[in-house]
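# Structure assessment
Given next are the chains, with one letter for each unit.
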Amino acid sequence: MHKNIYVIGHRNPDTDSIASAIAYAELKKRQGHSTVRAAMTGEPNPQTRYILQRLGLETPLFLADVHPKVRDILNRQPVTARSTMPLKEVLELFHRHTIRVLPVVDTDNAPIGVVSLLKLSEKYLVAGTDRKRGVDTSRRSLKECLEGIFLTGEPSETVEHLHLFIGAMVEGSFTSRIEGYDPATLLVMTGDRPSIQQAAIDKGARILVITGGFAVTDELLAAARSNGTTVISTPHDTATAAWLARLSTPLDCFVDPKFEKIGVAESLEHLRLKLLHSGEPAVIAVEEDGSIAGIATKSSLLTPIPYALILVDHNELAQAVPGAESVEILEVIDHHKLGNPPTSQPITFMAAPVGSTCTVVATLYRERGIDPEQKIAALLLAGILSDTVILKSPTTTGRDREIVSWLEQQSGLDHVTFGREIFSSCSGFSAYGSPEKALRADFKHFSTAEMLFGVGQVEVVGFDEFYEIKEELRTALKRVKEQDRLVLAGLMVTDIYTETSLFLVEGKNELAHVMGYTQLEPHLYELKGVMSRKKQMVPHLLKVLGSL
Ligand SMILES: [Mn+2]
């Protein structure tokens, strides 16, 4: 069996996570691993969606969780029986399929009970006194097991409790033997002994079985008809016929209607608990529609899970797809600190202190002498540019730069232009619908002892768009300042490429005297090297507002 292998990034996936999953799955496929597939455990963010769409790449398979399910370990072709099936056939099923528990299903294939070989044997082998003679069967089942024909009487499905007598003695002894039994419960078997045949019919026996294929006179048959005795002829000898009669009992008489069942979509853990605590040897798995899907025993729990994982862009289980702890992890490709659990087998583990997982994956392509397809090269480039903010982040390493220039050749893209396109796809103002929405999207309140102020932040690539709508943004700021009763409302417009922010502000006009940054025009400042609202902008504002 070939396992499905999912290459999957962390929860709340970012571009690096999804890009490295797709690119690494692709590399594995090119190396002949046909069952490897990229997956994700969360929706792609707008930036990732833009990149996939632009490159014409499919979104990876969405996996909400990978907890092993009942269906993962099930043999989907269970052996089943119908309740009308005679024991003879049931025993053949047990034998032929070497099973110990047999589910019994109705005409819709829905389980109605189980039969266990152990309980069945106990019923037969540990027989009480009544059971020695007692045979529960229907006329149809009896006739079929005997491979016989009806000489008189009709087949019927009704199960009757009969007493079996073999007519292998002189007529007098036979008559006294059956004395005291209700004739309507008598099942008599005899061969070519007309006197016994006669005695059974005279007595009004329920069923007379003529063994060895011997004939019965027309007179006796006429008498049987008028006495209500069913006469069946079988080719088997008496000993065999007696044995077959016992095995003609319909399964119905042995079905245990009490059984444990579980849905195929339920967790394997749930199945394990049922098997451990129910005391039942097997649990029946059912499909959504209630029909039988399979049968699970304790040994089913040893069935290997038909899938495994390759983790990219993370190694800690807390960040992994839910259920990852129950699934085999084959490889880890990452650039984060280690927090991975111990493994039971040696695994491929590649982690490097570089700017992105895509750098590691691209390195693997290069080392193996495999040129990525143009769009995969572009995707890897996108992953690196996203994680390193176009190589501006302090996490960027020489190896990232080197791989970026290799990927530029492979993809035919310029990393600066492509990076700007990626960042402007989901940054800037246009994505928000209106200047006020852009301002409100990430607007936070801050307070000092005496005053409340607010600062929003929008990330852009280049300030052109900002200047086009600057006056509308100012109007929006005035409105927000009033609505929120702020002494000051500002908007940080951060160019992630030049690492510069523009600060557009309403309120506290005297700020101009203390701001300490270049004032480009009334209400607008340029803050070179300021990118962080939390670490740079707000502490500065608190300081200067306090000095006023
Ligand atoms: Mn990453």
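First things first, this report covers the structure right here in the doc. Keep in mind that what you see is a predicted model, and the values were worked out from it rather than measured.

## Describing the overall build of the protein chain
Broken down by element type, the protein chain carries 19 helices and 24 strands. Rg of the C-alpha trace for the protein chain: 41 Å, well past the compact-globule value of 24 Å for 548 residues, more than 25% over. Taken over the C-alpha atoms alone, the protein chain extends approximately 135 × 60 × 35 Å along its principal axes. Burial statistics for the protein chain: of 548 residues in total, 38% are counted as buried. Long-range contacts, defined here as pairs at least 24 residues apart, represent 63% of the contacts in the protein chain between residues at least 6 apart.

## With respect to unusual backbone geometry
The residue Asp313 is not glycine, and still its phi comes out positive at about 65°. Despite not being glycine, Leu391 shows a phi value in the positive range, around 65°. Summarising the element assignment, Leu391 is placed in the loop between helix H13 (374-387) and helix H14 (398-411).

## Remarks on the pairing of strand E14 (residues 282-286)
Of all five residues in E14, five are buried, a share of seventy percent or more. What joins strand E13 (residues 260-263) to E14 is helix H11 (residues 268-277), and the crossover it makes is right-handed. Pairing analysis gives five bridges linking E14 to strand E15 (residues 292-297), with the strands arranged antiparallel. From the neighbouring strand, Val286 faces E15, where its bridge partner is Ile292.

## A closer look at the sheet that holds strand E20 (residues 452-460)
In space, the six strands of this open sheet follow the order E19-E20-E21-E22-E24-E23, with mixed pairing throughout. Both outer strands of the open sheet, strand E19 (443-447) and strand E23 (518-521), are each paired with one neighbouring strand and no more. Averaged over all pairs of adjacent strands, the angle between strand axes in this sheet comes to 30°, irrespective of strand direction. Sheet topology note: the strand E21 (residues 488-495)/strand E22 (residues 500-506) ladder contains seven bridges and is antiparallel. Each bridged residue has a counterpart across the sheet, and for Val493 the counterpart in E22 is Leu502. Helix H18 (residues 470-483) rests against E19, E20, E21 and E22 of the sheet, and its axis sits at about 55° to E22. Each of E19, E20 and E21 is contacted by helix H19 (residues 533-546), which is oriented at about 145° to E20, the strand it contacts most.

## Some words on helix H2 (residues 46-55)
All of the buried residues along H2 are Thr48, Tyr50, Ile51 and Leu52. Taken together, the buried residues of H2 touch helix H1 (15-30), H13 and helix H15 (415-426). Just downstream of H2, Gly56 is the residue with a positive phi angle, here 65°.

## Notes on H1
Helix length check: H1 (16 residues) gives 22 Å between terminal C-alpha atoms against 22 Å at 1.5 Å per residue, within 8%. Backbone geometry just downstream of H1 places Gly32 in the positive-phi region, at approximately 95°.

## Details of the packing of H2 against H13
Two numbers describe how H2 lies on H13: the axes approach to 10 Å, and their chain directions differ by 160°. Regarding the angle of H2 to H13, the classification is roughly antiparallel. As for the relative orientation of H2 and H13, their crossing is right-handed in sense. Contact residues: H2 offers Gln47, Ile51 and Leu55, while H13 offers Lys375, Ala378, Leu379, Ala382 and Ser386.

## Re the packing of H1 against helix H12 (residues 357-367)
With their axes 9 Å apart at the nearest point, H1 and H12 run at an angle of 15° to one another. If you check the angle between H1 and H12, you find them roughly parallel. Taken as a pair, H1 and H12 cross one another with a handedness that is left-handed. Here H1 contributes Asp16, Ala19, Ser20, Ala23, Tyr24 and Leu27 to the contact with H12, which in turn contributes Thr357, Cys358, Val361, Leu364 and Tyr365. Broken down by class, the residue content of the contact of H1 with H12 amounts to eight nonpolar, two polar and one charged.

Conventions we followed
- Residues numbered from 1 in each chain as written.
- Predicted model: local features only at pLDDT ≥ 70, side-chain atom pairs only at ≥ 80, totals over all residues.
- Helix = DSSP H or I, 4+ residues; strand = E, 2+ residues; numbered from the N terminus.
- Rg over C-alpha atoms; globule rule 2.2 N^0.38 Å.
- Buried ≥ 20, exposed ≤ 12 C-beta atoms within 10 Å, placed from the backbone.
- Contact = placed C-beta atoms within 7 Å.
- Right-handed = clockwise from strand over helix to strand, strands pointing away.
- Pairing = 2+ DSSP bridges.
- Axes fitted to C-alpha atoms, helices over the stretch in contact; angles between N-to-C directions.
- Expected span 1.5 Å × (residues − 1).
- Parallel < 35°, antiparallel > 145°, perpendicular 65-115°, else oblique.
- Left-handed = near helix turned anticlockwise from the far one by under 90°.
- Nonpolar A, V, L, I, M, F, W, Y, C, P; charged D, E, K, R; others polar.

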